[in-house]
Amino acid sequence: NDSNKPDLNKPDEPVVVKEIEVNKTDDVSRFEIVNAEEKFVLKVEFVANSWFELKLDGVQQATPKPDVYDSGTNLEIEIDPTKCNEISMRFGYFAGNKLFVSDKEVEFDASIATKPGVQTITLVLGGENNE
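Only a predicted model underlies this, so the values are computations on that prediction, with no experimental measurement involved.

Visitor: Even after reading the chapter, I still don't get the pattern of salt bridges, so can you show me in this structure?
Guide: As a working rule, side chains carrying opposite charge can pair if their charged atoms are close by. The full count for this structure, using the stated rule, is five salt bridges. Ionic pairing is found between Glu-19 and Lys-104, a salt bridge with its closest N-O pair at 2.8 Å. Here Lys-104 lies in strand S10 (residues 104-105) and Glu-19 lies in the segment before strand S1 (21-24), a separation of 85 residues in the sequence. Residues Lys-43 and Glu-45 are paired through a salt bridge, measuring 3.4 Å at the closest nitrogen-oxygen approach.

Visitor: Could you clarify how one ought to interpret the sheet that holds S10 in this entry?
Guide: Each strand in a sheet pairs with its neighbour through backbone hydrogen bonds, running either in the same direction (parallel) or in the opposite one (antiparallel). Spatial strand order, S7-S3-S9-S10: four strands in an open sheet with antiparallel pairing. Pairing within the sheet leaves two strands with one partner each, and these edge strands are strand S7 (74-79) and S10. Of the strand pairs in this sheet, strand S3 (residues 40-45) and S7 are connected by six bridges, and their pairing is antiparallel. When the sheet's bridge partners are listed, Val-41 is paired in S7 with Glu-78.

Visitor: Where do I start with the packing of aromatic side chains in this structure?
Guide: Scanning all chains against the criterion turns up eight aromatic pairs. Ring plane angle 70° and centroid distance 5.0 Å describe the contact between Phe-91 and Phe-94, whose orientation is recorded as edge-to-face. One exposure class covers both Phe-91 and Phe-94, and it is buried. A connected cluster of aromatic rings, assembled from ring pairs, spans Phe-31, Phe-46, Phe-52, Tyr-69, Phe-91, Phe-94 and Phe-108. One residue, Lys-43, lies across the ring of Phe-100, its end atom 5.7 Å from the ring centre.

The rules behind the values
- Residues numbered from 1 in each chain as written.
- Predicted model: local features only at pLDDT ≥ 70, side-chain atom pairs only at ≥ 80, totals over all residues.
- Heavy atoms only, no water.
- Salt bridge = Lys/Arg side-chain N within 4 Å of Asp/Glu carboxyl O.
- Helix = DSSP H or I, 4+ residues; strand = E, 2+ residues; numbered from the N terminus.
- Pairing = 2+ DSSP bridges.
- Phe/Tyr/Trp six-rings, centres within 6.5 Å; stacked < 30°, edge-to-face > 60°.
- Buried < 20%, exposed > 50% of the residue type's maximum accessible area, 1.4 Å probe, protein only.
- Lys NZ or Arg CZ within 6 Å of the ring centre and 35° of its normal.

Any link to function would need more than the numbers given here.
Written as structure tokens, this is what we have:
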């Protein structure tokens, strides 16, 4: 029976892979992540010594533990978008620290990018970007 054999003359439909994106919101400390369908890595690069705490959906995480992280330290945190809607990171000293979502740097507004004090950054996992 030839009906179950693939038609080799018919081109396959292209697979559309939507890249994960981080979009700014009206709040300079809040961002929306779109197209996060699979696990991704959230990376924090500490440019300055800073206390750091991670909450997922409002629940403080034991890993990475809330602690002071030295300048030059990098944290890589695997995020499963099927188990989390909101990521909240509190920095005791924010000035110059960097954040990456799947190797894409989050662009902070100039008003907070070098802020020397406490700063909370929130990432909300949204839907798809239809642009």
